[in-house]
Structure formats: structure tokens, C-alpha cells
Amino acid sequence: MIYSKIITERFSDISTLFDRLSSESGYYIFRGMASASWRIQTSIDRLLCHARQQNDSMLLSETNQNTFSELHAQNVFIQNHSHQLNRLFGKETGTEFKIDESNFLHLPIILQHYGYPTRIQEWTTNWKIALFFCLDDANKTEDFCVWSMNETEIPDIELCLDDPDYLYPTGILENNRINAFYHRLKAGVYRINKGHFQRKDAQKGVTLTTGRADYMDFQQHIEECTWISENNVHRYVVDSSLRNTVHEFLNTEGITHEKLFPNDITDGYII
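In what follows, the accompanying structure is described. (Residues numbered from 1 in each chain as written. Predicted model: local features only at pLDDT ≥ 70, side-chain atom pairs only at ≥ 80, totals over all residues. Heavy atoms only, no water.)

Along its length, the protein chain carries 11 helices and 7 strands. For the protein chain, the residues scored as buried account for 51% of the 271 residues in total. Here the contacts in the protein chain between residues at least 6 apart in sequence split such that 78% fall between residues at least 24 apart. Total accessible area on the protein chain stands at roughly 13,400 Å², and carbon and sulfur atoms take up 49% of it. (Helix = DSSP H or I, 4+ residues; strand = E, 2+ residues; numbered from the N terminus. Buried < 20%, exposed > 50% of the residue type's maximum accessible area, 1.4 Å probe, protein only. Contact = heavy atoms within 4.5 Å. Areas by Shrake-Rupley, 256 points an atom, 1.4 Å probe, with all protein chains shown as cover.)

And the structure:
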């Protein structure tokens, strides 16, 4: 039997499901999944998984592959949107945007919401919003699921970047917080308390990221994370027969696509 710290429960009764999710409100964060068969992955996890299916090169199993993909996406984005990024961060718009200590944690969050591959993942403090994302894809008809995780166990990444307990040792002379974020974070789950904008606020969003063990996807980072307790990660699988009932409930609660996706992410961005 393979050990797992993730507790899976199945629900076919709507009242029991709502009672369970409601009981965790205020202590847990949630993520809705349209299919219960999916692993919980970041966009860069999915990108690299697809690449490995198409190409069996040993290079794709190297630790630096994730870092390369992430930095390549950032460079492309910066080249194409340097003017807009400077405007967002209050810099001179006539110069090329530069990653520095003041913005390196914000940039992956912007990239994520523009569809670029990152190891950023958005959760929510509101279980009803998590349920919305379970049903957002009308083409999905199978069982869906809501993940929950104890928010108090997830450390602030800005503190971890200065704490050797969360960092792999390095022999690199340039040993700063940017280097620590991209190369030295230990396997595990971290919270980024940055990047607030209207869309994220509407979704009650909580931004999570992972360490640098690139052979792991997000779900394995949860499993391997030493600071997340065994009983504090839940996977609630919901019977597909409840889809319509949940959808009607969310409509009565006013949780709609229009409410959760106001304007563009560049509007009302707060550093």
C-alpha cells in the first residue's frame, strides 16, 4: 500500500458536501477541479508532462528543465509587453522591463493569468467559488472534486527565501533572493502574498507555488512537504449527478463568471 497524506472522501448528498466544506471555511483554502480523475498540477507541470509524452529525451528529466521553461516564458513575455509591465510597476515606460528584487514575485502571477507556464497555482478561501471552477467547463460531465488544505501550515515565501531551513545549499557566489526563488527552494508548498488585482480579489484568490524539485508535480509537492500535516489535505470527490444542483445553488448565491472575472488583470493592479 502506497502511503498518502491526502484524504479522499466521496459525496453523493449535497447537504453533506456543503456541511463538510462549510466546516472548513476560515481555516482551509480550496481548489475546484472539473474532473476527479485529474492530478493537481500547475501549468508548467502540464506543459512538461505533455512534452515528455511527445519526446523521450533524457534532457526532459533533468532538474533544470523546469527552470528553463519558466525563464523562457518570462523572457518572451517581457520582450512583448515591456511597456505595459513598466507601467504596472511604476517604472519609466521607454526602457526595457527588468526583473529585480521589487517585482520578481509578482511577475509569475501576471504570467499565470496571461496563460504562460509557471509553477504558480491559484486557490481560494471561498469553497463556493471552488465549486464554480468545478463546473466552469460545460463539456465536462464526470465526477468532479474540491481540494482543501489547511492554510495556516503554508509558509510565506518571502520569509522562506531568507531562511536556510527552506533552501538547498549553494556554491554560487551570487546568492540573493531571486536566485533562491528560482533555484534553491526545497520541495514543498509556499504562499506568495503578492499580486493583488481585481480578478484575484473577486475570486478570493490565494497564490501558491512550489520548490525546485522539478521531477515532482504540485500534488507530489504536497505529499513530500514536511510542514503539511497528514490530516490537513482533503480531496472531496463529488458524484456527477449533483452537477445541476450545485450549478443552481451557485446561481442563487450570485457566483457567476461575470462576477469572478471583472475587467482585465492590468486594471487595478496593487503592488
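Time to look at the packing of helix α5 (residues 127-135) against helix α10 (residues 243-252). How two helices pack is summed up by the angle between their axes together with the distance between the axes. Orientation of α5 relative to α10, taken along the N-to-C sense of each, is 130°, at an axis distance of 10 Å. Relative to α10, the element α5 is oriented oblique. In terms of crossing hand, the pair formed by α5 and α10 is left-handed. Here α5 contributes W127, K128, L131, F132, C134 and L135 to the contact with α10, which in turn contributes R243, V246, H247, F249 and L250. Tallied by class, residues from the contact of α5 with α10 come to 8 nonpolar, 1 polar and 2 charged. (Axes fitted to C-alpha atoms, helices over the stretch in contact; angles between N-to-C directions. Parallel < 35°, antiparallel > 145°, perpendicular 65-115°, else oblique. Left-handed = near helix turned anticlockwise from the far one by under 90°. Nonpolar A, V, L, I, M, F, W, Y, C, P; charged D, E, K, R; others polar.)

Another point: the environment of N139. Summarising the element assignment, N139 is placed in the loop between α5 and β4 (144-150). With 105 residues separating them in the primary sequence, N139 and A34 have C-alpha atoms 9.5 Å apart.

Let us now look at the side chain of E153. As for its position among the elements, E153 is in the loop between β4 and α6 (157-160). One buried charge, E153, has no salt-bridge partner; the nearest side chain with opposite charge is K5, at 7.1 Å. Of the polar contacts made by the side chain of E153, one reaches the side chain of S229; its length is 2.5 Å. Excluding anything up to four places from it in sequence, E153 contacts W227, I228, S229 and N232. (Lys, Arg positive; Asp, Glu negative; His and termini not counted. Salt bridge = Lys/Arg side-chain N within 4 Å of Asp/Glu carboxyl O. Polar contact = N/O pair within 3.5 Å; in protein donor to acceptor, adjacent residues only side chain to side chain.)

A few words on the nonpolar core. With 37 residues, the main nonpolar core has M149 and L208 as its most contacted residues. The greatest single-element share of this core, amounting to 4 residues, is contributed by helix α7 (residues 177-184). Dropping the residues within four chain positions of it, L208 is found in contact with I29, R119, I120, Q121, W123, M149, I154, V189, Y190, R191 and F218. Ranked by size, the runner-up nonpolar core spans 24 residues in total, among them L21, A130, C134 and L135. (Core = buried A, V, L, I, M, F, W, Y, C linked by side-chain atoms within 4.5 Å.)

Here the focus is unusual backbone geometry. Of note in the backbone geometry, K204 takes a positive phi value of approximately 50° without being a glycine. Take K204: it is sitting in the loop between α8 (198-202) and β6 (205-210).

That's the geometry; what it means functionally is another story.
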